[in-house]
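Fold and geometry: a report
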Amino acid sequence: MTVEFSLAYFVAVFVFSITPGPGVFALIAKALKQGGNACWGLAIGMTMSDIVYLLLVVWGLAYIANEYQLIFVLIRWCGAAYLFYLAWQIWHAPIVLSGNAAVKTRSKGVGFILSYAEGMLISATNPKVMLFYIAFLPTFVDLTVLTNQDVIWVVGLNFMALMLGLMLIAFGASKARKLFSQHKSVQRLNRSTAGLMATAGMLILTR
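All chains use their own residue numbering, which begins from 1 and follows the written sequence. Only residues with pLDDT of 70 or above have their local features reported here, since the model is predicted, and side-chain atom pairs are shown and tallied only from 80 upward, although totals for entire chains, interfaces and linings are computed over all residues. Excluded from the side-chain calculations are hydrogens and water; all other atoms, namely the structure's heavy atoms, are used.

Some details on the overall build of the protein
Think of it this way: any DSSP run of H or I at least four residues long counts as a helix, any run of E at least two long counts as a strand, and we number them from the N terminus. Secondary structure assignment for the protein yields nine helices and zero strands. When the helices and strands of the protein are read in sequence order from the N terminus, they spell out α-α-α-α-α-α-α-α-α. Burial here depends on accessible area, computed with a 1.4 Å probe over protein chains only, as a share of the maximum for the residue type. Under 20% is buried, over 50% is exposed, and the range in between is partly exposed. Here the protein holds 207 residues, and the buried ones make up 45% of them. We call two residues in contact whenever any of their non-hydrogen atoms come within 4.5 Å of each other. Considering only residue pairs separated by 6 or more positions, the protein has 88% of its internal contacts joining residues 24 or more positions apart. Exposure was quantified through the Shrake-Rupley algorithm and a 1.4 Å probe, taking into account, for residues, occlusion by the shown protein chains and nothing else. Summing over all exposed atoms, the protein offers an accessible surface of approximately 10,800 Å²; the carbon and sulfur share of this is 71%.

Structure representation (C-alpha cells):
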C-alpha cells in the first residue's frame, strides 16, 4: 500500500468506526452513564473482534483473487452493491437519540474484562463487519501481491483507526450530551456517513 492508499484506507475505516450501529449506540450509552474512560474495554473488544473478521477476509479474498479471477470480480461488484445499500440504509435510518439508545443497549459491565467481552460479542454477532471488509479491501489493497508485512500494516491501520473513532465517540458523548440528544445533529451524521459509503461504492466500480 502506498502512503496515499494507506491514508485513504485509514480514513475509510475511521468513518466505518463512527457509523451508527449497535456498537456505537452501546458505546454512547456507556459513555453517557459512566464516562469516556469506562469505554476503553468495550472499544478494544469491538476492535479486536473486527480485526479477526479482517484477517478472515484478507486471507480468503487473497486466495480467491489468485485462483478464481472471475469470482473475485463478482465479489467486488457485490461489495460495491452492498455499500450502496448500506448508504441507502444509513440515509433513511430512524433517528435514535442518546436517551433511547441507553435504554436499548444498557451495559452491565462492571470491569474492563467484562466490557472487553461485551465489545467482542457486539462485533462478532454483527455480520455487517465482514461484509464491510469484503466490500472495502479490494479498493485499497492489491490482494494478488499481498505479503505478511502488508497484512501487519493493514491490521495496524485498522486498530488505530477503529480505536480513534470509537474513543472520540465515547469522550465526545460524555462531554457533549446535548449533541446526541438533538434530532438534526444525528441526522447530519447519518447522511454524511451515507454519502461517504456511496462514494466508496463508486470507487470500487470505477477502479
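Past the structure itself, the notes keep going.
Quick notes on the nonpolar core
Ranked by internal contacts, the top residues of the largest apolar core, which has 23 residues, are Tyr9, Leu54, Tyr133 and Leu137. Elements represented by at least two residues in this core include exactly helix H1 (3-17), helix H3 (40-67), helix H7 (128-140) and helix H8 (148-175). Counting 18 residues, the second-largest nonpolar core is a separate cluster that includes Ile28, Ile122, Met167 and Ile169. Only buried residues count toward a nonpolar core, which is a set of Ala, Val, Leu, Ile, Met, Phe, Trp, Tyr and Cys residues joined through side-chain atoms within 4.5 Å.

Focus on the side chain of serine 17
Within the element layout of this structure, serine 17 appears in helix H1. Nitrogen and oxygen atoms within 3.5 Å of one another constitute a polar contact, given that in protein one can donate a hydrogen and the other can accept it, and given that sequence-neighbouring residues count only through two side-chain atoms. In terms of polar contacts, serine 17 uses its side chain to reach the backbone carbonyl oxygen of phenylalanine 14, at 2.5 Å. In this view, serine 17 contacts Val24, Ala161, Leu162, Gly165, Leu166 and Ile169; residues no more than four positions away in its chain are not counted.

Observations concerning H1
Residue count minus one, scaled by 1.5 Å, sets the expected span of a helix. Here H1 spans 21 Å end to end across 15 residues, near enough to the 21 Å set by a 1.5 Å rise per residue. For H1, the set of buried residues is Ser6, Tyr9, Ala12, Val13, Val15, Phe16 and Ser17.

Comments concerning the packing of aromatic side chains
Here is the rule: rings of Phe, Tyr and Trp (six-membered ring for Trp) pair when centre to centre is within 6.5 Å. Planes less than 30 degrees apart are stacked, more than 60 are edge-to-face, and the remainder are tilted. Scanning all chains against the criterion turns up three aromatic pairs. With a centroid separation of 6.4 Å and 65° between ring planes, the pair formed by tryptophan 40 and phenylalanine 171 is classed as edge-to-face. Here phenylalanine 171 lies in helix H8 and tryptophan 40 lies in helix H3, a separation of 131 residues in the sequence. Among the residues examined, phenylalanine 171 registers a relative accessible area of 29% and is labelled partly exposed. Measuring from centroid to centroid gives 6.5 Å for phenylalanine 112 and tyrosine 116, while their planes differ by 20°, and the two rings are stacked.

Description of the environment of valine 155
Within the secondary structure layout, valine 155 lies in helix H8. A C-alpha to C-alpha distance of 8.0 Å links valine 155 and leucine 55, two positions 100 residues apart in sequence. For valine 155, the contacting residues outside a window of four places in its chain are Ile51, Leu54 and Leu55.

Taken by themselves, the reported measurements are silent on function.
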